Structure formats: structure tokens, C-alpha cells
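Residue strings, one per chain:
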Amino acid sequence: MTDRVALNVLVIEDDADARANLRDLLELEGHRVELAASAAEALARSDWETLDLVILDRQLPDGRAEQLLPRLHARAPAAAVIIVTGYSDLQGAIAALREGASDYILKPLHFDALRASLLRVAERRALTRAKERSETALRQLLEAAECVILIAREDGELLYISPFGERLTGYELEAVRGRNCVELLGAAGSRQLLVEPFEATARGRPVQGFECPIVCRDGSVRTMLWNARRLPDHEGAPALMMVGQDITGLKLAQERAVQAERLAAIGQMVTGLAHESRNALQRSQACLEMLALKVRDCPGALDLIARLQAAQDHLNHLFEDVRGYAAPVRLIRSTIRVDESWREAWAQLEAMRRTRPGRLIERVEGVDLVCRADAFRLAQVFRNLFENALAAGRPPVTVVVEASEAVLDGQAAVQVVVSDDGPGFDRAIRERLFEPFFTTKTKGTGLGLPIARRIVEAHGGTMEVADRESPGAAFVITLPREAP
Ligand code: ADP
């Protein structure tokens, strides 16, 4: 196989016959041949990188091989050099070998000797090329691999981190080479976990699929799944190679799935509870009304009954909200105008606005507000938003509803921003707004916003808190015009 490797050969020989003979022999073997009659002619060439082999006459008129060799090596470090010499000059050939020549052949040239020498060069060349190819493939693999590859000495000294590892951790190899990788990447409290693969692999046991977090340069923590094995000889000494996959997103998704399952189970239980309690509350309501009749002459007792009634109303409200949240959202769509829904919601709050006055400002000019939606459900969404705005701000509260045309998942949509001039909320509250049962009100259920979002999502839309610094709260609803 190796004798099929075609070499690029430069023959430097002053004897014209010998030069021509060499060319014929080499071309017969399938190699590509260039000729030079002197050292000066050879050194003037510019195509050195393409050369695999130089065949060099030991005694040229303008220089001896051992003088020329260092300059040849400097120009073509990868090329092999074969010296052609006479019997009487073996000492010179040996000197040339010392200067880095690969081989020598004797004059007069014998075809078999030349062939054997070429074969050795071709073999070496093929090996070098195969090594280069596998090194390139390995480097490309390391660069493309979407995993963290670490190589460290058994005492933890970091020798290598793959490009993906550099990007994920924020540490560049040049800056951290030689640091202890357990100290560098181990998360406080779980460093021992990173030590374990070192100890296990040192005992010759590869470690597979163990989970251990790392801390990145910016302080963020990533959960990694590691495989580790011992490299008996990495640059002269044993080392450990660890390959880690970033499973942070996967873990988060798993945790969310477990949480969602748990919430679903709690939701079912609570809905049942709300339903059962409604019956009990109805009985208690009837008793309360009868009792009020019996003690109508006793103002103290009537006052207590009024407080009982208020508590009862609150419980009713809570159970209604829980049922509303847990029940599936069934939409009855028709072609509606969105502004009719928010006006309806504003009208429904008339009683509340008697004690907490507010004004509604609409900015809708030129916007097409028609869409296919459930008008009753949308009014529920706006009622929740308006109720919160009126409750949060100092009366009179100004609520602004601003509409614009938008695109959602490539579909035409209407965007409505509901904002107020109340106190708004800080970052901690903002992150929890849509969490069921999160409330800052003494009599709140914390279900208003989650229900509103569920209704909007059932329409194929989105509902978010506006990402803006201004004081006051702002919510953005984006509704597709048509059912998705
Ligand atoms: P609830 O009204 O029962 O508290 P919500 O889900 O409607 O439940 O609201 C959750 C919380 O979000 C409220 O308790 C309040 O802290 C905050 N919030 C909602 N809307 C506003 C607003 N417009 N201004 C200030 N805070 C608000």
C-alpha cells in the first residue's frame, strides 16, 4: 500500500546524466520529480511546502550536503532527505545523517537500492500523513463536541479544557492551565463529588454517568453528567479524562414536570374540596339568614352575623376562584371587538369604583380591534387586571388600555397593554405574579392573574408583565385574531 504513495521529489545533482537517470527511475515509480543542478538553484525555489523528498548529491560544486542540510530543513521541515554518495565518501554520508538526512544511497545508482530507500520514505510519509489526519480529526472532534472535555493529572492539575468547556465555564485554557480543576470548578459543598472520579480512575475503574455540578467563572452553577477514564500516558504521565454533558436544562425540565404533576394532583384535590365546601357553605348561608331573622332585635348579634356573612362571602369568592382556575377553559368564540370586552369589565366594577374611583383611558386609534374570541372570558381577564389596578393605586387610579396590531407565531394578532399609575411591583413580586395563590392582599386568593393567563393562553395568546422601568404596573396581552 505504501509503495503507492506518490511523492513530490526534488533531485539536486550537478551531473546531468545522473540527474536524468534519477528522474527516469523516480517517474517510473510514479513520483513527481523536479530537478536542480546546484545548491543555489535549489535554494532559489519557492515551492518547499509541497516537497516530500529531496535527493541530494553529497558533493555539489557550490556546497556539501552537510552544509546544505540545515537550510533545506529550515525550508521544508517535513521533507525527507536522501544523500547520494560514492564508496569513498562514507564518512561524509555519516556526517550528513548526523545533520538529519534520512538515508543514503551509493553511486553508481542501483535501482533496487533506490527503490528500497524510497519505500522507507514513502512508508514514513504515509505514517506521518495518517497521524496528521487522525490528529486533525481528533482536534475537529474536540472542537465540535457539545460537551466539556477536561484532561487533568491525577493530582487535579488541569492540562486541557475543550472549546465547548471554555465557552460554558467562561475559563480559557491558557488562563487556567495548571490550576487544580477541583478547586477551579467544584461547587462549594460538592467538591468531594469531583474528587471521587480521580480516586476511582486512579484505581483503574472508569466512572460513568455521575452527576456533579460545576461553578462557572460568572458564578452560575451548571449540573453536569460526567464520564471519566484514566489515560495511562498523556504527554509522558498518567492523566484523567473527564467528559461532561450539561444537563442543567434537562434537570430543570424534570423538576418542572414533577412540580406540574404535584400541582395537578393538588389542583384535583382542591377542586373537590371547593365543590364539597360549596354545599356546606350553602347550608351555613341558609342558617345565617334564619338566625338574622331570629335576632333582628339584637344589634350586637346582628353585627356578629354581618361579620360572619363577610367571612362567608370571602370563602365563597375563594372557592369560586379555585374552581375557575382548576376547571378546563372552554371557549365560546364569536367575532367580537376587544374594546367591548374591556368596557364590559370596567362596567362590572362600578360598585368597587364607588369606594375606589378610577378612570379608564383608551388609546386605540386606527387599530383593528376585531378578533375571534370568547367575549365573556376576555371580560374576566380585563376585570382581574382592572380590579388589581384599582386596589393597588391611590384613588383616583388611572388605567390606560393601549392597543396595537401585532404578529404572534406568524399570525396576525391584537396586542393590548393595560397599565396603571399605582405603585407597581418590585422584581421579587414580578417573578411570582402568575404563580397560583401568590397574593400580597389580606383577602386575595392569588388566582386572578393565573386565571387571566390561562384564559388568554386558551385563546392561543400570551400574557406577560411588561418589561419596563416605569412606575405602575403594566401587563401585555397578545391575542391572535383567528383561532389557532
Ligand atoms: P390577588 O388579586 O388575589 O392577590 P392576583 O393573581 O390577581 O391575585 O394578583 C397577585 C398579586 O399581584 C397581587 O396580590 C399584587 O401583589 C400583585 N399585583 C397584581 N396586579 C397589580 C397591580 N396592578 N399593581 C400592583 N400590584 C399588582
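Residues numbered from 1 in each chain as written. Predicted model: local features only at pLDDT ≥ 70, side-chain atom pairs only at ≥ 80, totals over all residues. Heavy atoms only, no water.

1. Notes on the sheet that holds strand 18 (residues 462–465)
To keep things clear, this is the line we draw: DSSP calls a pair of strands paired once it identifies at least 2 bridges connecting them. Each helix corresponds to a stretch of at least 4 residues labelled H or I by DSSP, and each strand to a stretch of at least 2 residues labelled E; elements are numbered beginning at the N terminus. Comment: axis = line fitted to C-alpha atoms, over the contacting stretch for helices; angle = value between 0 and 180 degrees taken between N-to-C directions.
Across the sheet, which stays open at both edges, the five strands sit in the order 14-16-17-19-18 with mixed pairing between neighbours. Among the strands making up the open sheet, the edge pair consists of strand 14 (358–363) and strand 18. Along the sheet, successive strands turn relative to each other by an average axial angle of 20°, direction set aside. Where strand 14 meets strand 16 (residues 397–408), six bridges bridge the pair, whose relative direction is parallel.

2. A few points about the pairing of strand 8 (residues 148–153)
Just so we agree on the cut-off: For each residue, the accessible area found with a 1.4 Å probe, counting protein chains only, is set against the maximum for its type, and the residue is called buried under 20%, exposed over 50%, and partly exposed in between.
Where burial is concerned, most of strand 8 is hidden: six out of the six residues are buried. Alternating positions in strand 8 separate into two faces, V148, L150 and A152 on one and I149, I151 and R153 on the other, with burial throughout. Of the pairings in the sheet, the one linking strand 8 to strand 12 (residues 237–246) comprises six bridges and is antiparallel in character. Along strand 12, the bridge assignment pairs I151 with M241. In this structure, strand 8 lies alongside strand 9 (residues 158–161), joined through three bridges in antiparallel fashion. Pairing of I151 across the sheet is with Y160, part of strand 9.

3. Describing the sheet that holds strand 6 (residues 80–85)
Definition in use: It only takes one pair of heavy atoms within 4.5 Å for two residues to be counted as in contact.
With parallel pairing, the five strands of this open sheet are ordered in space as 2-1-3-6-7. Edge strands, defined here as strands with exactly one partner in the open sheet, are strand 2 (32–36) and strand 7 (103–106). Going across the sheet, the axis of each strand differs from the next one's by a mean of 20°, ignoring polarity. Helix 3 (residues 65–75) contacts strand 1 (8–12), strand 3 (53–57) and strand 6 of the sheet and is inclined by roughly 160° relative to strand 3. Strand contacts of helix 4 (residues 90–98): strand 6 and strand 7, with the helix running at about 160° to strand 7, the strand carrying the most contacts.

4. Some words on the environment of P163
Relative to the helices and strands, P163 resides in helix 6 (residues 163–169). Sequence-wise, P163 and M463 are 300 residues apart; in three dimensions their C-alpha atoms are separated by 39 Å. In this structure P163 touches L142 and E143, once residues within four positions along its chain are discounted.

None of this, on its own, says anything about what the molecule does.
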